[in-house]
Amino acid sequence: MGAGEAGKGNGWWKGMRVFSPEYYAVCAVGGMLSAGTTHLAITPLDVLKVNMQVNPLKYNSMFSGLHILVKEQGPSSLWRGWAGKLFGYGAQGGCKFGLYEYFKKMYSDVLTGYNRSTIFFASSASAQVIADVALCPFEAVKVRVQTQPNFAKGLIDGFPKLYASEGLSGFYKGLLPLWGRNLPLLFSCTVALVSILMFSTFEHTVDILYHNVIQKKKEDCSRAQQLGVTCMAGYASGAIGTVVSNPADNIVSSLYNKKADNILQAVKSIGFPNLFTRSLPVRFTLVGPVITLQWFFYDTIKVLTGLPTSGGIARDFDEVNSLT
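Counting starts from 1 at the beginning of each chain's written sequence and moves along it residue by residue. Where local features are concerned, this predicted model is filtered to residues with pLDDT of at least 70; where side-chain atom pairs are given and counted, the filter is 80 or more; whole-chain, interface and lining totals use all residues. Side-chain metrics in this entry use all non-hydrogen atoms of the structure; hydrogen atoms and water are not considered.

- Naming follows an unreviewed UniProt entry, where the protein appears as Mitochondrial carrier protein of Musa troglodytarum.
- The UniProt entry for the protein carries the following text under Subcellular location (unreviewed entry): "Mitochondrion inner membrane".
- Per UniProt, the comment on the protein under Sequence similarities (unreviewed entry) is "Belongs to the mitochondrial carrier (TC 2.A.29) family." UniProt positions are given in the numbering used here, feature names are shortened, and annotations may be inferred rather than shown by experiment.

As structure tokens, this is what we get:
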């Protein structure tokens, strides 16, 4: 079954046009569900990762770290911050995926003389700025809940407690390094392009797989083939993102847990080499599969609503809608 047949759709979405408001709404909901649920599923590993970053001497490996957490704080400690993962990354995913589709169409219309990479970079950067503003308050509470057992039980009591102690700025203390984790052009301590590279890697991997491996146009491939391409491209983008985002991820945890007052202090405290290596194995375990599943769930939702899978730039509105 090709994309043309898959795109006919049934139900309320029948006749939905690509780049319509309904299309962007589906993309946002798909991104919210895919990001929120996948991040929720790996909450125990995220708890371990944050504790390894904050207290590397105590939590010096994945297996011993999990054992210490369960022994000292009980099995329930592995699920601390689950609400922040679900709702925070759900909000981020909705903004990131939905706005990426919007900006990619907008920039492809405006930047007609530019190459594809420029459009991918600009689209992902624009979407990520807004997505991280949505995530940051949830992340601020989540990290404290995960590493400070007496701080709060979750979002409901964590939000008012953080606001009472640090004010509104407490929710956005980690915004600059969070941008550094995802948009390093805005973070002077990091030069790698993280979210920008992840989206660009995904897009270019999709092109390579269709042109050089499958050697078919997307619309001539079955649903299974299209989703297989999505998974492989998603894993490639996740691997790139893991490596280049590790320094800023360590700094975020250091700032949120008051191990340092600013970015420079955090770098000095952690040590420059450790920025790139601390918690990297557990982040490889986390990020690659999570990003792969996010893209898979996201494109599955698009396929089920009669839309084409992700990847590529469509400059002709009518041409793309002819597939659906």
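## Some remarks on the packing of aromatic side chains
- Centre distance within 6.5 Å is the pairing criterion for rings of Phe, Tyr and Trp, where only the six-membered ring of Trp is used; planes under 30 degrees apart are then read as stacked, over 60 as edge-to-face, and the remainder as tilted. Taken as a whole and judged by the stated rule, the model has 16 aromatic pairs.
- Here the aromatic rings of Y102 and F103 are separated by 5.5 Å at their centres, their planes lie at 70°, and the arrangement is edge-to-face.
- Arranged with centres 5.2 Å apart and planes meeting at 70°, the rings of F272 and F276 form a pair that is edge-to-face. Separated by four residues within a single helix, F272 and F276 lie in helix 12 (residues 272-277), roughly one turn from each other.
- Between buried and exposed lies partly exposed: a residue is buried under 20% and exposed over 50% of the maximum accessible area for its type, with that area taken using a 1.4 Å probe on protein chains only. Its relative accessible area of 52% is what places F272 among the exposed residues.
- Residue classification places F276 among the partly exposed positions, given a relative accessible area of 39%. The way it works is that DSSP assigns letters per residue, a run of H or I at least four long becomes a helix, a run of E at least two long becomes a strand, and they are numbered from the N terminus.

## A word on the side chain of R80
- The residue R80 is located in the loop between helix 4 (62-73) and helix 5 (82-110) in this model.
- Charged-residue counts in this description rest on Lys and Arg as positive and Asp and Glu as negative, His and the chain ends being excluded. The term salt bridge refers to a side-chain nitrogen of Lys or Arg lying within 4 Å of a carboxyl oxygen of Asp or Glu. Within the buried set, R80 has no salt-bridge partner at all; the shortest N-O distance to an opposite charge, 9.2 Å, is to E72.
- Whether two residues are in contact is decided by their heavy atoms: any pair within 4.5 Å suffices. Discounting residues that sit within four places of it in the chain, R80 has contacts with T43, V47, Q73, V145, Q146 and P149.

## Observations concerning the nonpolar core
- We call a set of buried Ala, Val, Leu, Ile, Met, Phe, Trp, Tyr and Cys residues a nonpolar core when their side-chain atoms join them within 4.5 Å. One finds Y23, L69, V206, V282, L286, W295 and L307 to be the most contacted residues of the largest nonpolar core, which totals 41 residues.
- Elements supplying a minimum of two residues to this core: helix 2 (21-41), helix 3 (43-54), helix 4, helix 5, helix 6 (116-147), helix 9 (195-214), helix 10 (223-256) and helix 13 (280-304).
- Broken down by element, this core gets its largest block of residues, seven residues, from helix 13.
- Listed in part, the ten residues of the second largest apolar core include F138, A140, L162 and F171.

## Details of unusual backbone geometry
- Positive phi outside glycine occurs at F19, with the angle close to 75°.
- Within the secondary structure, F19 sits in the loop between helix 1 (3-6) and helix 2.
- With relative accessibility at 16%, the residue F19 sits in the buried group.
- Positive phi outside glycine occurs at S279, with the angle close to 65°.
- By the secondary structure assignment, S279 is in the loop between helix 12 and helix 13.
- Judged by relative accessible area, which is 4%, S279 ranks as buried.

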